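# Structural features, examined
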Amino acid sequence: MARMEPQVEELPDNRVRLTVDVPRAQLEHAVEHAASDLAENVKIPGFRQGKVPMPVLLARVGRERLHSEAVESHIGGWFMNAAARSRIRPVEQPEYDYELPETPDADWRFTATVSVQPKPEPADWRQLEVPTPEAEVPDELVDHELNVLRSSVAELTPVDGRPAQPGDTVVVDLVVEGQEPQRDYIVELGAGRLVPELERALLGMSPGETQEVRFERSEEEAGTVELAVKEIKEKVLPPLDDDLAHAASEFDTLDQLRSDIESRLREQIQEEIEGAVRAAAVDQLVEATGVQASGPLVDARARTLLNNLARSLAARGLSLETYVSLSGVSPEQLTEQIRGEAAQSVARELVLEGVADKLGIDVPDEEVEALVREEAEAAGDDPDELLQRLRDAGTFEDLREDIRLRAALDRVAAEVKRIPVELAEAREAIWTPEKEKPETPTKLWTPGTKETA
């Protein structure tokens, strides 16, 4: 597959003009796609839909329409590939300039003019100090995991003669004012899945009882939920002994099981510490560099994060509206939080892109293709088809950039100064004139939608 090598002309006001050469093979592929789509929709007497030969199709729709369909359906992907390869970040839809190809068996060229996000010059990350705790495993955490294991093999038995109490599993109908009812909703009391007002109301209720609960959605707005308890079950836990270890694991004794749990927890804690250090390192670098992300890039990322949240909730049987009603967060607060996460996510990518540029990090096609083939084979997909879809959609270059930014973050995380948490806390406790400056709102970050860094 030929590699597009776009030419970049810098224009005033953070605008660029990309000149993109589309290889013949890609143009032929686009024309074949367009012909297939047109053949599915064009009715020609004597031919079944989708089975119209190319000469007959050309005679009916014309070469100009076929080539126009091919360009319009693929030019966005070609542009995004070229933008990603040129490492520019468009902040608006580009203005295209081109003449339709006369034939698909030759290379083709178009230009795209677009406003882009300015690239920051990253601060010296080697001077940043990142608090890094030790990976300690409290006994209480091991005990908790053992109890979780006990709970996983515990029996749920119906409760008779008493109301709901902490730890019980309750089957309940939730009727939220102005929303679709949630029927047969299963919740473990104390697990924190409901707002505190609803959990407190469920405690002490018995099957067949109904209660209307009022709770605060925000400082200015309240909501009403009708609770109807249908069933209560309690867990009967097995004894914490060697028999449990033998029945619930590959170990013969409780001591062996406990040692294994402690070892796994230590590894998990170390991974969490490393993830937190990486996030803190790039956040400090964003602050030290003074990166401020805004505009269409942040808008698009916020929409992606919101869609991801909606899909996650749908998988749990909840709508976004119900989640907002039950969480105590107003729609405006949720929107503000997601936009803050989006802004910080984009700011991280911008500063890591500056690091990658500074270090000259490049990712060859072979590395991207190897990752795609590995993931395709694991999912049972055809690697070649997946690679072609990624290239057509313009996401092949997005994946290359993801790998590149991850490599930049690896370098930053490895070279910052890791200091003990106690030292960082001691320094924080020392007054300095800078601490008198007004505080700015903290921006949260989700490892994106793109899940890159």
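In this report, the structure presented in the accompanying data block is examined. (Residues numbered from 1 in each chain as written. Predicted model: local features only at pLDDT ≥ 70, side-chain atom pairs only at ≥ 80, totals over all residues. Heavy atoms only, no water.)

## Observations regarding the pattern of salt bridges
- Counted under the stated rule, the structure contains 33 salt bridges.
- Put simply, Arg-15 and Glu-95 hold a salt bridge, and the shortest N to O gap is 4.0 Å. Linking Arg-15 in strand β2 (residues 15-22) with Glu-95 in strand β3 (residues 95-97), this pair joins segments that are 80 residues apart in sequence.
- Judged by its relative accessible area of 21%, Arg-15 falls in the partly exposed class.
- The shortest N-O distance in the salt bridge between Arg-391 and Glu-369 comes to 2.9 Å. With Arg-391 in helix α12 (residues 383-393) and Glu-369 in helix α11 (residues 365-379), the pair connects residues that are 22 residues apart, well separated along the chain.
- A relative accessible area of 14% means that Arg-391 is categorised as buried.
- Beyond isolated ion pairs, a larger network of salt bridges with shared partners links Arg-89, Arg-301, Glu-349 and Glu-353. (Salt bridge = Lys/Arg side-chain N within 4 Å of Asp/Glu carboxyl O. Helix = DSSP H or I, 4+ residues; strand = E, 2+ residues; numbered from the N terminus. Buried < 20%, exposed > 50% of the residue type's maximum accessible area, 1.4 Å probe, protein only.)

## Description of the side chain of Thr-289
- Tracing the backbone through its elements, the reader meets Thr-289 in helix α7 (residues 254-289).
- In contact with Thr-289, other than residues within four places in its own chain, are Pro-120, Glu-121, Pro-122, Ala-123 and Val-351. (Contact = heavy atoms within 4.5 Å.)

## Thoughts on the packing of α7 against helix α13 (residues 395-415)
- Across the interface, α7 lies against α13 with an axial gap of 9 Å and an inter-helix angle of 95°. When the axis of α7 is compared with that of α13, the two are roughly perpendicular. Touching Glu-274, Arg-278, Ala-281, Val-282 and Leu-285 of α7 are Arg-406, Leu-409, Asp-410, Val-412 and Ala-413, all from α13.
- In the contact of α7 with α13, the residues fall into 6 nonpolar, no polar and 4 charged. (Axes fitted to C-alpha atoms, helices over the stretch in contact; angles between N-to-C directions. Parallel < 35°, antiparallel > 145°, perpendicular 65-115°, else oblique. Nonpolar A, V, L, I, M, F, W, Y, C, P; charged D, E, K, R; others polar.)

## Quick look at the pairing of β2
- Note that strand β1 (residues 7-11) and β2 share 5 bridges and pair antiparallel. Residue pairing in the sheet places Val-8 in a bridge with Leu-18 of β2.
- In textbook terms, the turn of a hairpin is the stretch between consecutive antiparallel strands, and for β1 and β2 this stretch comprises 3 residues, one of which, Asp-13, has a positive phi near 60°. (Pairing = 2+ DSSP bridges.)

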